[in-house]
Amino acid sequence: MSYNKVILIGNAGKDPEIRHLDSGVAVITLPVVTSERIKDRSGEWREMSEWHNVVFWRALAESVEKYVRKGSQILVEGKLRNRSWEDRDGQKRYTTEVVAETLKVLSRRDYNNSQQSVQHDVKQPNIIVTDITAQDTVDDLPF
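Conventions adopted
- Residues numbered from 1 in each chain as written.
- Predicted model: local features only at pLDDT ≥ 70, side-chain atom pairs only at ≥ 80, totals over all residues.
- Heavy atoms only, no water.
- Buried < 20%, exposed > 50% of the residue type's maximum accessible area, 1.4 Å probe, protein only.
- Helix = DSSP H or I, 4+ residues; strand = E, 2+ residues; numbered from the N terminus.
- Arc of directions from axis to C-beta.
- Pairing = 2+ DSSP bridges.
- Core = buried A, V, L, I, M, F, W, Y, C linked by side-chain atoms within 4.5 Å.
- Contact = heavy atoms within 4.5 Å.

(A) Broad picture of helix H1 (residues 58-67). Of the positions making up H1, those classed as buried are Leu60, Ala61, Ser63 and Val64. Considered in projection along H1, the buried side chains sweep an arc of 165° and stay on one side of the axis.

(B) Spotlight on the pairing of strand S6 (residues 92-105). Relative to S6, strand S4 (residues 45-57) runs parallel, the two being bridged by 2 bridges. By the bridge assignment for S6, valine 54 is matched with valine 98. Relative to S6, strand S5 (residues 73-86) runs antiparallel, the two sharing 13 bridges. Note that in S6 the partner of glutamate 86 across the bridge is lysine 92. The antiparallel pairing of S5 with S6 creates a hairpin that spans 5 residues between the two strands, and glycine 90 there sits at a positive phi of about 85°.

(C) View of the nonpolar core. Among the nonpolar cores identified, the biggest contains 19 residues, and Leu30, Val54, Phe56 and Leu103 are the most heavily contacted of them. If sequence neighbours within four positions are ignored, valine 54 has contacts with Leu8, Ile28, Thr29, Leu30, Val32, Val76, Val98 and Ala100.

(D) Examining the pairing of strand S3 (residues 26-39) more closely. Strand direction decides the pairing type here: strand S1 (residues 6-12) and S3, joined by 2 bridges, are antiparallel. Bridging from a neighbouring strand, asparagine 11 pairs with valine 33 of S3. Of the pairings in the sheet, the one linking strand S2 (residues 19-20) to S3 comprises 2 bridges and is antiparallel in character. Bridge pairing in S3 links histidine 20 to alanine 26. Here S2 folds back onto S3, and the loop between the two strands holds 5 residues, one of which, glycine 24, carries a positive phi near 95°. Pairing geometry for S3 and S4, over 13 bridges, is antiparallel. Its bridge partner being in S4, valine 33 is matched across the sheet by tryptophan 51. Once S3 ends, the chain turns through 5 residues before running back antiparallel as S4, passing glycine 43 with a positive phi of about 90°.

Below is the structure:
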């Protein structure tokens, strides 16, 4: 048995830019940064950041376009995917990305502020979107 699951809590690295394939399917590739504080050899605390390419498809892409802006804190659940392609010069390129299955927006956009800043709002529920097409929809429950 094997299991491919990624959970990231981080911030959007840029405003999302939606694309549509020839088939009409919506897709967004969004850089997400995660950070942690570590103590270096000299005893100083440093922040280490890691960048992740996250791919959102279909309804998830549309939700990201609607609710996420640069700096928005999000929780993404998905799976790792490695792929390769040939660039314009004929060189083989490789990438590892997270294919999102669930998105939870942890910070809210302030629609009253013309600068569209992101703020936390505990009074409003978090936005949770799941791409049901990416999950197994077989129901094998006995009832």
